[in-house]
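For reference, the chains in residue letters:
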Amino acid sequence: MFTFSPSQLGGSKPVFVIEFDFGSRTHLYSTDPISIQNQKGDIVDYLPNIIDFDLVESADLESVDVEANVLSIALVIEDVDLIQQWIKGEVLDGIEATFSYVLEKYSVVQNNDDQKVVLFKGKIQEPQFGDPDQINGYVTMSVEILLDDGDRLMMDSNKYIDNRFPNRHMDTADGKIWPIFFGTGIAPSYCIKRLSGSTAEFMIAGHAIKDSSVTITDELTNAATKTVLSRADNQGNIYSYIEIASADNISTPSSLGGYLHGESRQWWSSIEGGLRSPYRDGPLELGGDVCRWALSRSGLRIDDGAWANLSIVLNRYRFAGWINDPQPNPLEWLQANILPLLPVSLIVGVNGIKPILNQMWALSLVSPIIDIEVGDNQSFQQIGMIDTLRPTADLKNQITMQYSKSGFDDDYTKLVRVTDTPVESYDIESDYSILSVNRFGRHPQTIRSDYVFDDSTAKIICLNLVRSNSMPLYGLEIASPTEFGWIQIGDVVSISVERYEMSKQLAIITKKQWSGSHWIFGLVFESNSIQK
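Described in the following lines is the structure provided in the data block.

**Some remarks on the overall build of the protein chain**
Here is step 1: Counting secondary structure elements, the protein chain contains eight helices and 34 strands.
Here is step 2: Along the first, second and third principal axes, the C-alpha atoms of the protein chain reach 85 × 65 × 40 Å.
Here is step 3: Taken over 532 residues, the protein chain has a buried fraction of 53%.
Here is step 4: By sequence separation, contacts in the protein chain at least 24 residues apart represent 67% of the contacts at least 6 residues apart.
Here is step 5: With an accessible surface of roughly 23800 Å², the protein chain has 44% of that area assigned to carbon and sulfur atoms.
Here is step 6: For the protein chain, the separation between the mean place of its 42 positive charges and that of its 70 negative charges on side chains is 7 Å.

**Some words on the nonpolar core**
Here is step 1: By size, the foremost hydrophobic cluster in this structure holds 100 residues, and its most contacted members are Ile 18, Phe 20, Leu 92, Phe 99, Phe 319, Trp 333 and Met 401.
Here is step 2: When residues no more than four places from it in sequence are discounted, the contact partners of Phe 20 are Arg 25, Thr 26, His 27, Tyr 29, Ile 77, Leu 92, Ile 95, Glu 96, Ala 97, Ile 124 and Met 141.
Here is step 3: Ile 216, Ile 242, Ile 271 and Phe 453 belong to the second largest nonpolar core, which has 23 residues in total.

**Comments concerning helix α7 (residues 431-440)**
Here is step 1: All of the buried residues along α7 are Tyr 432, Ser 433, Leu 435, Ser 436 and Val 437.
Here is step 2: Those residues of α7 that are buried are in contact with β28 (412-419) and α8 (455-469).
Here is step 3: If you check the start of α7, you find a side-chain oxygen 3.2 Å away from the backbone N of Tyr 432, and it comes from Ser 430.

**Considering the sheet that holds strand β21 (residues 267-271)**
Here is step 1: Across the sheet, four strands lie side by side as β12-β21-β15-β16; this open sheet has antiparallel pairing. Strands at the two margins of the open sheet, each flanked by one partner only, are β12 (185-188) and β16 (223-227). The average angle at which neighbouring strand axes cross in this sheet is 30°, direction not considered.
Here is step 2: Here strand β15 (residues 213-218) pairs with β16 via five bridges, running antiparallel.

**Side note on the environment of Thr 184**
Here is step 1: Of note, Thr 184 is situated in the loop between β11 (180-182) and β12.
Here is step 2: With 163 residues separating them in the primary sequence, Thr 184 and Asp 21 have C-alpha atoms 49 Å apart.
Here is step 3: Within polar-contact distance, the side chain of Thr 184 engages the backbone oxygen of Glu 272 at 3.0 Å.

**Structural notes on the pattern of salt bridges**
Where charged atoms of side chains with opposite charge meet at close range, the side chains can pair.
Here is step 1: Considering all chains together, one arrives at 21 salt bridges under this definition.
Here is step 2: Two residues, Glu 19 and Lys 116, come together in a salt bridge whose shortest N-O distance is 3.2 Å. Of this pair, Glu 19 sits in strand β1 (residues 13-22) while Lys 116 sits in the loop between β8 (108-109) and β9 (117-129), and the two are 97 residues apart along the sequence.
Here is step 3: Judged by relative accessible area, which is 12%, Lys 116 ranks as buried.
Here is step 4: Taken together, the shared-partner salt bridges connect Lys 13, Asp 32 and Glu 104 into one network.

**Description of unusual backbone geometry**
Here is step 1: The backbone phi angle of Asp 79 is positive, close to 55°, even though this residue is not glycine.
Here is step 2: Here Asp 79 lies in the loop between β6 (70-76) and α2 (82-87).
Here is step 3: The exposure class assigned to Asp 79 is exposed, which follows from its relative accessible area of 72%.
Here is step 4: Despite not being glycine, Glu 501 shows a phi value in the positive range, around 55°.
Here is step 5: Judged by its relative accessible area of 77%, Glu 501 is exposed.

The rules behind the values
Residues numbered from 1 in each chain as written. Predicted model: local features only at pLDDT ≥ 70, side-chain atom pairs only at ≥ 80, totals over all residues. Heavy atoms only, no water. Helix = DSSP H or I, 4+ residues; strand = E, 2+ residues; numbered from the N terminus. Buried < 20%, exposed > 50% of the residue type's maximum accessible area, 1.4 Å probe, protein only. Contact = heavy atoms within 4.5 Å. Areas by Shrake-Rupley, 256 points an atom, 1.4 Å probe, with all protein chains shown as cover. Lys, Arg positive; Asp, Glu negative; His and termini not counted. Charge placed at Lys NZ, Arg CZ, Asp CG, Glu CD. Core = buried A, V, L, I, M, F, W, Y, C linked by side-chain atoms within 4.5 Å. Polar contact = N/O pair within 3.5 Å; in protein donor to acceptor, adjacent residues only side chain to side chain. Pairing = 2+ DSSP bridges. Axes fitted to C-alpha atoms, helices over the stretch in contact; angles between N-to-C directions. Salt bridge = Lys/Arg side-chain N within 4 Å of Asp/Glu carboxyl O.

Now the structure itself:
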């Protein structure tokens, strides 16, 4: 993003522009008449045809849903009869549009075409035109970022255990979807070739894996460590499997019927490196990488740069497990299983879906980008009252996590609890839990995860969930002069308000709106005397 210098900011005002292609030409409109130099050095004129617009950027720190903002705009499309175009079947719906701003000072634009500050990219939706009291080029419309372009499911619908494996075990393997496995943990294994001659075959993953050997265990607790092999089916799909010999003492379905070494209906393999990471050398297991990988399967536009920038925080978490549910799409899978455990909210930026830290647990680890002083004689002015966003009834100050899921009985084998008063060996004391319990009483919550096997990750998750949910949250809106338009959603700031005896309180920007003459920012902060 282009950064304005102090000399450019002083005495300047923003001019907002929209660009889109319609009717075999590019339309360039603005809130004031301006000319901008393009990358070829030519001067391009923008017509002042934007009559009104409303754009509010926001983020919900406590939601796993993707925040997609909407631009509402009224303008006049020059030299176009929208009614006649509509009769011909040429409509605005679905056309891509870009909304930006430049700074103008003393009638001179301060930045070039490639330096415009892009605020919003999306597709035109629900245009309204044909008003009998307006000219035929007048239109009101919204520009939206649509997420329904990502219609792919998490699992490949073509990867089932079927006739491609003619000697499969019908009772336990037929119709099973090829499992995805990532990280270090356990995965279901399916008999794709019954014992015939001296060997049987078990699929352990519907893709190549990093681990070179795995240990398979049957329901009778018999175990064997075997070398990982890979093969392609008749459609070129790679899968990983192991061979079980009759001498391995593993319950094995026989091509002659029945089982060798006793009957088992389930087999699970311990794997120390599943799917390879597309982003670094090693298995796919780090939190940020898992999110990027899942979203890359969705067909949605992703801001890879934003995900990479936050990897230093998100990749402290390690996840693992198997996926064999054919129903959810990748975003739904993330929202249900991974995002609630990570310190991020998702928004749709100009480059696609990106994370922003819901940094209430980590404010003291982040340097505020600006010290904001709010008051009658200050640049920033308060708008309205302090709003209580999280009442004390919704606090969570004792978190218990059940994790490390067992495949055979579908139960969890480990436990960790973050609390104010440790009693059990799995308890961890938290200063935030102590402070919150003393102020508001105990508010416990129990969570379960199918994708956490790592002890350190379980502790980090519980500590951060207590840190994030043990104090009331408050909201405050402030008005800001033009020159602070560079502040973005998710930025950490410090705020001082003399009338509240608030000094350098750390807060997060969760709303940004242009009012017509100034910026409006929404801030979220908490009542917290620790901040560490």
